[in-house]
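Chain by chain, the residues:
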4 protein chains.
Amino acid sequence: MPKIVDHDRYRKELLRKSFDLFAKKGYGSISMRQIARGIGVSTGTLYHYFPSKEVLFEQLIEEITQQDIIRATAEIEKLETTDEKIKCLFNFLDREEDYFLKQVLLYVNFYQQHQNREVLKRTYQRCRDAFMESSKITDPAIASLILSVIDGILLQRAFDRQSVSLQQQGELLAQMLSAYLDQ
Amino acid sequence: MPKIVDHDRYRKELLRKSFDLFAKKGYGSISMRQIARGIGVSTGTLYHYFPSKEVLFEQLIEEITQQDIIRATAEIEKLETTDEKIKCLFNFLDREEDYFLKQVLLYVNFYQQHQNREVLKRTYQRCRDAFMESSKITDPAIASLILSVIDGILLQRAFDRQSVSLQQQGELLAQMLSAYLDQ
Amino acid sequence: MPKIVDHDRYRKELLRKSFDLFAKKGYGSISMRQIARGIGVSTGTLYHYFPSKEVLFEQLIEEITQQDIIRATAEIEKLETTDEKIKCLFNFLDREEDYFLKQVLLYVNFYQQHQNREVLKRTYQRCRDAFMESSKITDPAIASLILSVIDGILLQRAFDRQSVSLQQQGELLAQMLSAYLDQ
Amino acid sequence: MPKIVDHDRYRKELLRKSFDLFAKKGYGSISMRQIARGIGVSTGTLYHYFPSKEVLFEQLIEEITQQDIIRATAEIEKLETTDEKIKCLFNFLDREEDYFLKQVLLYVNFYQQHQNREVLKRTYQRCRDAFMESSKITDPAIASLILSVIDGILLQRAFDRQSVSLQQQGELLAQMLSAYLDQ
DNA sequence: CATGAATGAGCCTTCATTCAT
DNA sequence: AATGAATGAAGGCTCATTCAT
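What counts and what doesn't
- Residues numbered from 1 in each chain as written.
- Chains lettered and ligands numbered in written order.
- Predicted model: local features only at pLDDT ≥ 70, side-chain atom pairs only at ≥ 80, totals over all residues.
- Heavy atoms only, no water.
- Least-squares fit on C-alpha atoms with pLDDT ≥ 70 in both.
- Phe/Tyr/Trp six-rings, centres within 6.5 Å; stacked < 30°, edge-to-face > 60°.
- Helix = DSSP H or I, 4+ residues; strand = E, 2+ residues; numbered from the N terminus.
- Buried < 20%, exposed > 50% of the residue type's maximum accessible area, 1.4 Å probe, protein only.
- Lys NZ or Arg CZ within 6 Å of the ring centre and 35° of its normal.
- Axes fitted to C-alpha atoms, helices over the stretch in contact; angles between N-to-C directions.
- Parallel < 35°, antiparallel > 145°, perpendicular 65-115°, else oblique.
- Left-handed = near helix turned anticlockwise from the far one by under 90°.
- Contact = heavy atoms within 4.5 Å.
- Nonpolar A, V, L, I, M, F, W, Y, C, P; charged D, E, K, R; others polar.
- Salt bridge = Lys/Arg side-chain N within 4 Å of Asp/Glu carboxyl O.
- Buried area = accessible area lost by both parts, 1.4 Å probe.

Student: I'd like to hear about the relation of the copies chain B and chain A, residue by residue, with values.
Tutor: Of the two same-sequence chains, chain B is brought onto chain A (RMSD 0.2 Å, axial shift 0.1 Å) by a rotation of 179°. On this basis, the relationship between the two copies can be described by a two-fold rotation axis. When C-alpha distances to the rotation axis are compared across chain B, the minimum falls at B:G152, with a value of 2.0 Å.

Right under this line is the structure:
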């Protein structure tokens, strides 16, 4: 009989614990040793659950994307109009700006270190599809544009904290979209 | 004329030569040794002109931002309407998408390695101011939003090459803005 | 019949299955984990049957040496003259050159990792004795020389595939020996 | 003006100093750190002179092969008959048996770790050519056979110290060859 | 001014073995 | 008997920077 450890459950626990560590230092700047120590296991154990840093991070992305989509959907699905949904989404993102900024930076950093576009592409598409679903926006270009704005603002505000906030830009964007659709 | 001039001229030449190397490998992934070798000088010489990798890169940013603003301004200043200017800008960026994507990635990477927000903030503000100047957009929030869209699209397309292009989104954004302003 | 039999039978089965894995990667380059996985058991089970990688390999050597001696003897014992026997032996080895080269490499690798000379010495002596027995060569020096030639050629051809083949050298050696003995 | 170090001379000095370390522990079992420490430099310095452990070893092989060929040639070139030359060569090798055994083991170990056959092939061919040149043996197969015997005996005696010595086998081989050629 | 040799901490990853279950 | 989780030292190699010349 094997040691009683639910491999998969424990793996996800390790993933969860590792997010903060990645977020704090960035993908390329935190070492597997640091992650292991921060989580409270040996490097050997870490490699027992994940074959490489790259795969560890990929799995982390999949996990948190899933959670984030659930949370964002919960926020906006109860609302009526697209206008409200957009404002609400930007509001939600604004409230957790630090968290989402860290994600963007993490993704970019990961992309730079490996060729690996796959996970990021998949992640982006899942976000866009989920957003289209719950916002009733049917034009992919518009959905894409809105997501671009989010990433762009997060980045901009990473560099310049005084730049316009997500909430403010959310309202502006919602108005622009209304005007455009009402045309 | 004192030697200062030659020193300065040579410094800028080194900067110019180093851009491609940074662009090709990313800020964190190219070493000072590789840069030196690629440029054709010794590491000692590189450190003679730039006190650190960080400073070298800061100066590089300042240089290329200046050049890019000049080029972008030249593209759009001759046009009449804001609508045309936006479309033209996105067109310009689309034509050199790879180049501008590399820049965004470079900036993010630099930001992650050092805490150094200063240069990036300054750079962003210079871009926004120049854009407001030449596009006749007076609302900083709108200008900011447009720049956000650009960065966001570049990033998105880094991950998913099939995502909507800068040119297409430029047209959509221009229409939305027109509708919004004509309200 | 006690369980001992099953235990022993299973042990030999594990040995048999592990040879290919050792051969493919070399003694030092394959890990116990890889062997276990390749065989289809857990590392724990492997260590249940063999106290260490070293012992596992020792037992493996004993097993395959026994098999190889049987096969080689079968090849040459039916022949009449020493001359024919030598040619036949080299022919046999040539046909399975890859297999025997792997063995030599494995032995050397094992010798280098541990100081352990014992098994290898025993193995070599068993081979020489068996060869003297079945080839009717009574001078140990001559038998030894012939075996040296075999190992030497295998090694030489490991480095230089164009080097003279076992078969060709077998004929040359047989002629030299005939000339020497006929003197 | 650069630091006054004759790069090439120093490189060869490092090579010379590293041989004993390789010989003592084997190619795969000594680490670059251990070599660096043993030589008295930092790992960084070692990597300044050699791009990798593999290349370091390749260069080491080339160096010592050159030296060994010179020494072996000096030993046998003054002699008259092929018979004497062979005996003399085996005598020479016997006197430095430990040294030459280490080389064989090193080569095998290196071959196992990398695919890299190139250097070893080149080295072997240089040895054979030099031997043919100075021994007046014109048949490549015979030269090859003699070299095989040497490697084979070294290996055999690595495993079994009581096995027949190089010197003894040299005499036997010389006689066999004489008989064969006199036929 | 310019050179490039030198540093040594740190990177990701692997390993034989142990032992609780 | 059998499992596989856990260990942590050690592997090859890179890096920004310093400094003697």
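Student: Mind laying out the packing of aromatic side chains, listing which residues take part and the relevant values?
Tutor: Following the criterion strictly, the structure yields 40 aromatic pairs over all chains and no others. With a centroid separation of 5.1 Å and 90° between ring planes, the pair formed by A:Y27 and A:F110 is classed as edge-to-face. Here A:F110 lies in helix α6 (residues 97–113) and A:Y27 lies in the loop between α1 (7–25) and α2 (32–39), a separation of 83 residues in the sequence. A relative accessible area of 2% places A:Y27 in the buried class. By way of ring pairs, the aromatic residues A:F19, A:F92, A:Y99 and A:F100 are connected into one cluster. The lysine or arginine in question, B:K53, covers the ring of B:Y27, its NZ or CZ lying 4.7 Å from the ring centre.

Student: Can you lay out the packing of α1(A) against α2(A) for me, pointing to particular residues and giving the numbers?
Tutor: Packed helix pairs are characterised by how far apart their axes lie and by the angle those axes make with each other. Residues and elements named next belong to chain A. For the pair α1 and α2, interaxial distance at closest approach is 9 Å and the crossing angle is 125°. Judged on the interaxial angle alone, α2 and α1 are oblique. The crossing of α1 and α2 is right-handed. Facing L14, K17, S18, L21, F22 and K25 of α1, the residues of α2 in contact are Q34, I35, G38 and I39. Residue composition of the contact of α1 with α2, grouped by class: five nonpolar, three polar and two charged.

Student: Let's hear about the pattern of salt bridges: which residues, and what values?
Tutor: Taken as a whole and assessed by the stated rule, the structure comprises 50 salt bridges over all chains. A:K87 is the partner of A:D83 in a salt bridge, and the nearest nitrogen-oxygen pair spans 3.1 Å. Residue A:D83 and its partner A:K87 are both found in helix α5 (residues 82–95); the two are separated by four residues, about one turn of the helix. Put simply, B:D8 and B:R11 hold a salt bridge, and the shortest N to O gap is 2.5 Å. In this pair, B:D8 and B:R11 are both assigned in helix α1 (residues 4–25), three residues apart and thus about one turn of the helix distant. A relative accessible area of 31% places B:D8 in the partly exposed class. Overlapping salt bridges bring together A:E62, A:R122 and A:R126 as one network.

Student: Please give an account of the interface of chain B and chain A that cites residues and values.
Tutor: Contacts between the two partners involve 41 residues from chain B, matched on the other side by 41 residues from chain A. For the pair chain B and chain A, the summed buried surface comes to about 4000 Å²; carbon and sulfur atoms form 65% of the total. Contact with chain A buries area across many residues of chain B, yet B:L145, B:F159 and B:M176 alone supply 18% of it, more than any other trio. There are one salt bridge connecting chain B and chain A.

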